[in-house]
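# A closer look at the structure
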Amino acid sequence: MRHYLDLVSISAREHKRQNKMTRLCIVLAVFLVTVIFGMADMEMRSQMLQAVRSDGSWHAGFVANEEQGAILAARPEVKRIARYGALNYYRQDGYQIEGEETLICGFDPELLEMFPAVELLEGELPLEKQQAAVSETVRRRLGVQVGDTLTLTAPGGEALSYEITGITRDTALLAEKDALGISLSMEGFEALPREDAKAQEELYYVTFRSFTNIQRTIREIQGQLGLGEDEVRQNAKVLMLLFQSRDSYLMQFYFVAVVLAVLVLVAGVLMITASMNSSIARRTEFFGMLRCLGATRGQVIRFVRKEALGWCRQAIPLGVLGGSVVVWGLCALLRFLSPGLFEGLPVFGVSYMAILAGILVGLITVLLAARAPARRAAQVSPLTAVSGNGGSVQPAGRAANTKIFKVDVALGIHYASGSKRNFFLVSGSFAFSIILFLAFSTAVDFMHHALTPLQPWAPDVYAYSKEQKNLIPRGIREKIKDCPGVKRVFGRGFGELAVTTEEGEETLILLSYDEQQFAWAGDSLIEGKLEDVIAGKGILLAFREESILAGRDRLSVRREGNAQELLVCGILENIPYYSEAGGAAGVAICSEELFSRLTGETGYGVLDIQMEGNAGDQQVEEVRRRVEEACGEGISFSDKRIGNREARGAGYSMALFLYGFLAVIGLISFFNMVNSIAMSVSARMREYGAMRAIGMGTDQLIRMVLGETLTYTVFGVLFGCVAGIPLNRKLFTSLVTSRWGEAWRLPVGELVMMAGIVLAAVCLAVLGPARQIRRMTVVDTIGAE
Amino acid sequence: MEIVRVENLCKTYGKGEARVEALKQVSFSMNRGEFGAVVGESGSGKSTLLNCMGGLDKADGGKVFLNGRDLFAMGEKERTVFRRQNVGFIFQSFHLIPELTVEQNMIFPLLLDYKKPDQERVEELLEVLGLENRRRHLPGQLSGGQQQRVAIGRALMARPALVLADEPTGNLDSRNSQDVLELLCQASRRYQQTVLMITHNMNLTAVADRVFRVTDGMLCELGGERS
């Protein structure tokens, strides 16, 4: 030992267990902060990836002419600018290729950098006036290749010829509508004959440089170019993720994010402070002794700082690393679940924000919390310390109440509540776990509302008759089922019946279900028997509030002069189709056999096909070929795979991160409770030894620890609920009620879950110290120190 | 009447070169109401003897009979209950419970048995100890001498047959030491409790009935005022 600060390592060896627990607590707190911030960061990145993929990376779009475009391009904030124009978006303006309405767009090549979804599969983009790139659908349906010539007929009848220079990947919209689409150079696009002036409008898509105040810049540009509100577009999702949106709903969203971030930081600070406070008595005594031996206040502070930094040196990197590993795991899981969508997400992504937050919370809290015993020690007069009285009995503020509780429990309660500061810190850290849990659970409610989940019955591809007739033969199901890559095939027939009600004759929409759809319908059956409907005995009615058909056992229906009675066998809460049903009195569901009897039709109006996860375009093409072969010309196709993939991806990523948040909070709460109690017990082992010497049994000591644990827990849960429930309400109102109108309800499920975690933590919290107490040798314990 | 009998008590600490024989075949007995003092160098084995006699520590060999019951033949739980009812401990550093008042500390062994204390006995002891006005005080509000008096009161409250005091005056000045000694004498004379006290101060052995010396783990009796 060459320097007085060498005592730090010697003291650390002596208090190995206590120091280990202090370090564990710092690790947990840093881990919590790093994981939550890291996950939030990664979720933002994944949402950004999806937003860019579906909507593009542009920030704002301006309807402007060439001159205004030049002014725009000259602005210093503008990083990238590209022109874009679209025609026949709704496929009704008369621009046709081989008699079919075609969506036309023109853009500068720079636009591709802003729209990664527009992918060139083959060839090049058109640069000349007479060149065009066509979509996959055009290539497939018209059998054209790069180098061929294509003729577009304008609404006025002019025929325009284009040389095909490239093939672009179908966008989600083109695939879903099975629409033809061609891309022209901007020059070619401007040369198209148009019928109305508004169609002349072109958009300048702009990406601004980093650190630009986008909202202010947009306002300036609007003023400079004299543009109205409807002449400016904003990429809401991307701007939101850049924290650059001023949308009032998003402002509430940011408010929630800030509240959650602050809560996480406070929880981390509380956890560390509470743990360090539990050894404050021992440390105060030790620092008091140092002061008596002649250490100046400054020397004690330096000692404290070195000791604290020693803990941080090991604990903070561990917490940061642990947190980062969890985030990596989640990112890897996301890439595994949805490889196409999240390949841009880094597996070993480093979230500097999370690491910085973890380090700051760890370092600053530890340094500040560690000073408290030193400050207290500095206040002890050296005389008191030298006389030996200073350290023999740690003064208590008031006596334990042995009248209401038995002495062991009374002492346990007193240990928990005796020191206001300690009580506040420990039960406060417990409470914060509950508050965090309740606060973050509102984000899950938000997710359930914001993301329309991909229902089990959602098709990847569907075929439908163009004229809403049941043209698809039922037998096709078997043929398609055999196609490679097909998972499920199911179809529905549509028909209309006249139903007699008190108000006269109304329309009843009738759908035929096959076995698969009946199986899914079983989950939403409110009353009645599904078997009777499957057997063709009657119909199911879709529930609708204040329906004129409600409460009826039988319906009198009529079709083409044939009247008959239909038995209502059950009510379904909801159905995926015809949810509004237009002006009809209701929607009824029946078996295929009954449907044929009632309508005389034996086909499907819609055939839904779900593909296997690994099915590719070729398999979909084969399905399409077989359907077309069986049904002929009157059938249209819709490929929803891109949209489904995006919806599924958004769902996966948000669910993974939000449930991840909750799991981490639950886990950290659990370990924090266990560790806090273990530390408290460990700090009192000497007193426990004395009590054992006086005659206290181990069971009584364990009851005492249980009393202490339950006191912290009961008050922690109480504080947590008192603060957490109103916060839950506030956040729910901001996130959900303000947008979807759903009223807040007491989060019973979350409370029950948290109660389970707390109970498990209490059991484990007592178990560890109980083992320690049982192993304790009285003589060694009272003789220690 | 024999209260405590120690037979061939052995206790060893450590292994190999660090092996220390703290007690070597120690045997002796004490009768009801006897006041014994144990003297010896630091590390001679005095505290080990007291801890083994009180059942705080287990011996490697030998037996301790208290009121005719073999302490080491009992299970842990039974020994704990037997100890708190039959042995009173007084420590050099008092070991009071800071969260309990003077009165609560004194009745603590009874509370551990979930028994209601005899209020007359409490009043009597508080008076004998001179703590009537301090009954509601917490240990942190007392002087060292007062704290040790509380510890003595706690040791005597359950009327144990044997009171073991490990250097009870070690942390006290001469005036307080004298007070403590008088109280222990009273326990022996007035309440007929057997008291065995470790001390470094030979002057304090003057009041003892018997004086034992422990040297390198071996016990010999030096005699005493009454012997």
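## What to know about the sheet that holds strand β14 (residues 486-492) of chain A
All names here are of chain A. If you walk across this open sheet you meet the four strands as β14-β23-β12-β24, and the pairing is antiparallel. Two strands close off the open sheet at either side, each with one partner strand: β14 and β24 (635-639). Going across the sheet, the axis of each strand differs from the next one's by a mean of 15°, ignoring polarity. As paired strands, β14 and strand β23 (residues 606-611) are joined by six bridges and run antiparallel to one another. The residue of β23 that forms the bridge with F490 is D608. Contacts from helix α23 (residues 617-631) reach β12 (461-465), β14, β23 and β24, with the element oriented near 165° to β24.

## Some points on the interface of chain A and chain B
In this complex, chain A contributes 27 residues to the contact, which on the side of chain B involves 31 residues. Those elements that provide at least two residues to the side of chain A that touches chain B are α16 (389-392), α17 (407-417), α25 (685-694) and α28 (778-783) of chain A. The leading source of residues in the side of chain A that touches chain B is α25 of chain A, at five residues. In terms of residue class, the side of chain A that touches chain B is made up of 15 nonpolar, 10 polar and two charged.

## Digging into the packing of helix α2 (residues 16-55) of chain A against helix α24 (residues 641-683) of chain A
Residue and element names in this part refer to chain A. Two numbers describe how α2 lies on α24: the axes approach to 10 Å, and their chain directions differ by 170°. Relative to α24, the element α2 lies roughly antiparallel. Within the contact of α2 with α24, the residues separate by chemical class into 17 nonpolar, 11 polar and three charged.

## Examining the nonpolar core
All names here are of chain A. Among the nonpolar cores identified, the biggest contains 236 residues, and I26 and L32 are the most heavily contacted of them. If we skip the residues at most four places from it in the chain, I26 touches I272, W311, C312, A315, I316, G319, G362 and V366. Membership of the second largest hydrophobic core comes to 30 residues, among which are L497, L508, C569 and L572.

## Let's talk about the pairing of strand β6 (residues 87-90) of chain B
Residues and elements named next belong to chain B. Every second residue of β6 is oriented toward a common face, with V87 and F89 on one face and G88 and I90 on the other, all of them buried. Two strands pair when backbone bridges link them, and β6 and strand β7 (residues 162-166) are joined in this way by four bridges, in the parallel orientation. Across the sheet, the residue bridging to V87 is L162, located in β7.

Definitions and limits used
- Residues numbered from 1 in each chain as written.
- Chains lettered and ligands numbered in written order.
- Predicted model: local features only at pLDDT ≥ 70, side-chain atom pairs only at ≥ 80, totals over all residues.
- Pairing = 2+ DSSP bridges.
- Helix = DSSP H or I, 4+ residues; strand = E, 2+ residues; numbered from the N terminus.
- Axes fitted to C-alpha atoms, helices over the stretch in contact; angles between N-to-C directions.
- Contact = placed C-beta atoms within 7 Å.
- Nonpolar A, V, L, I, M, F, W, Y, C, P; charged D, E, K, R; others polar.
- Parallel < 35°, antiparallel > 145°, perpendicular 65-115°, else oblique.
- Core = buried A, V, L, I, M, F, W, Y, C linked by C-beta atoms within 7 Å.
- Buried ≥ 20, exposed ≤ 12 C-beta atoms within 10 Å, placed from the backbone.

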